[in-house]
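# Residue-level structure breakdown
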Amino acid sequence: MTDFTLDCFLESGNAYKVALMLELCGADWAPRRVAFFTGQTRSEEFRSLNVMGEVPMLTHHKGDGDVVLSQSGAILDYLSREFDRFGPANEDERREILRWLFWDNHKQTSYVATYRFMSHFQNKTGDPVAQFFHARAINAWKVLEEHLKDRDFVACGHPTIADLSICGYLFWPDQIGMDENAYPNIAAWLERISALPGFKRPEQLMPSGIDPATATA
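In this text, all values refer to a predicted model and were calculated from it rather than measured experimentally. (Residues numbered from 1 in each chain as written. Predicted model: local features only at pLDDT ≥ 70, side-chain atom pairs only at ≥ 80, totals over all residues. Heavy atoms only, no water.)

On to the overall build of the protein chain, then. A tally of helices and strands in the protein chain yields 9 helices and 4 strands. In the protein chain, the order of α-helices and β-strands from amino to carboxyl end is β-α-β-α-β-β-α-α-α-α-α-α-α. Here the C-alpha radius of gyration of the protein chain, 17 Å, is about what a compact globule of 217 residues would show, namely 17 Å. On the principal axes, the C-alpha backbone points of the protein chain span a range of 45 × 45 × 25 Å. Per-residue burial for the protein chain yields a buried fraction of 49% across its 217 residues. Residue pairs at least 24 apart in sequence account for 69% of intrachain contacts in the protein chain once pairs closer than 6 positions are excluded. (Helix = DSSP H or I, 4+ residues; strand = E, 2+ residues; numbered from the N terminus. Rg over C-alpha atoms; globule rule 2.2 N^0.38 Å. Buried < 20%, exposed > 50% of the residue type's maximum accessible area, 1.4 Å probe, protein only. Contact = heavy atoms within 4.5 Å.)

In structure tokens form, the structure reads like this:
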């Protein structure tokens, strides 16, 4: 058995955040496929493990019993402490990392992920609700673009879990409606993340949550 099991599927940017962290840390881990698109996360069995009915869900197999965690931000913080990687060097850095983690979850990922699901997977690009989410995502990207104009990484002078959280959905620019040319600072930052030793894209780390028999595209 591996040290960590990650319930995930490659279409989830939130799951990718954790999978990427595990890979960059050189963890002994394995993905466990979640058939999201046929409703596994809504099943009674899955919700008995995670009442939120979401991925990622990480199980740390320890000698004194399993530790089961959900929510990408909490998992990233846990792994940062376990591996002493991508964390703060002092309390000031810790507060800054938390600031950007909360910003990502509230101001960016919540809108980007919902817009992507509606537009790319439900073909509702023209839906007014989808367009509202896209507009909010654009506002978030403008904030990030301005913030990155004079720094290499988001929270500190080195890569942290804030970077790994914020980048989770941004490697699918076409699917999230992002014009890469409009955000050169973000593009350069993503290149720096891609250059980290051990970096892999989501399709290299996780199985698809789409069942081949039901796939339409």
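Having seen the structure, we can now continue with the description.
Attention now moves to the side chain of His 61. Within the element layout of this structure, His 61 appears in the loop between strand E3 (57-60) and strand E4 (67-70). Judged by relative accessible area, His 61 falls into the buried class, the value being 18%. A distance of 3.2 Å separates the side chain of His 61 from the side chain of Asp 66, its partner in a polar contact. With near-sequence residues (within four places) excluded, His 61 lies in contact with Met 1, Thr 2, Asp 3, Phe 4, Thr 5 and Asp 66. (Polar contact = N/O pair within 3.5 Å; in protein donor to acceptor, adjacent residues only side chain to side chain.)

Closest axis-to-axis distance for the helix H1 (residues 13-24)/helix H3 (residues 72-83) pair is 9 Å, and the angle between their directions is 10°. The angle between H1 and H3 places the two elements in the roughly parallel class. The residues of H3 that touch H1, namely those facing Asn 14, Lys 17, Val 18, Met 21 and Leu 22, are Ser 72, Ile 75, Leu 76, Leu 79 and Ser 80. Along the lines of polarity and charge, the residues of the contact of H1 with H3 split into 6 nonpolar, 3 polar and 1 charged. (Axes fitted to C-alpha atoms, helices over the stretch in contact; angles between N-to-C directions. Parallel < 35°, antiparallel > 145°, perpendicular 65-115°, else oblique. Nonpolar A, V, L, I, M, F, W, Y, C, P; charged D, E, K, R; others polar.)

Summarising burial for strand E1 (residues 4-8): 5 of the 5 residues are buried, a large majority. Along E1, one buried face is formed by Phe 4, Leu 6 and Cys 8 and the opposite face, lined by Thr 5 and Asp 7, is buried too. In this sheet, strand E2 (residues 29-33) lies alongside E1 in parallel orientation, the contact comprising 5 bridges. Each residue of the ladder has a partner; that of Thr 5, found in E2, is Ala 30. Since E1 and E2 lie parallel, the crossover through H1 that links them has a hand, and here it is right-handed. Bridging between E1 and E3 involves 4 bridges; their strand directions are antiparallel. Each residue of the ladder has a partner; that of Phe 4, found in E3, is His 60. (Pairing = 2+ DSSP bridges. Right-handed = clockwise from strand over helix to strand, strands pointing away.)

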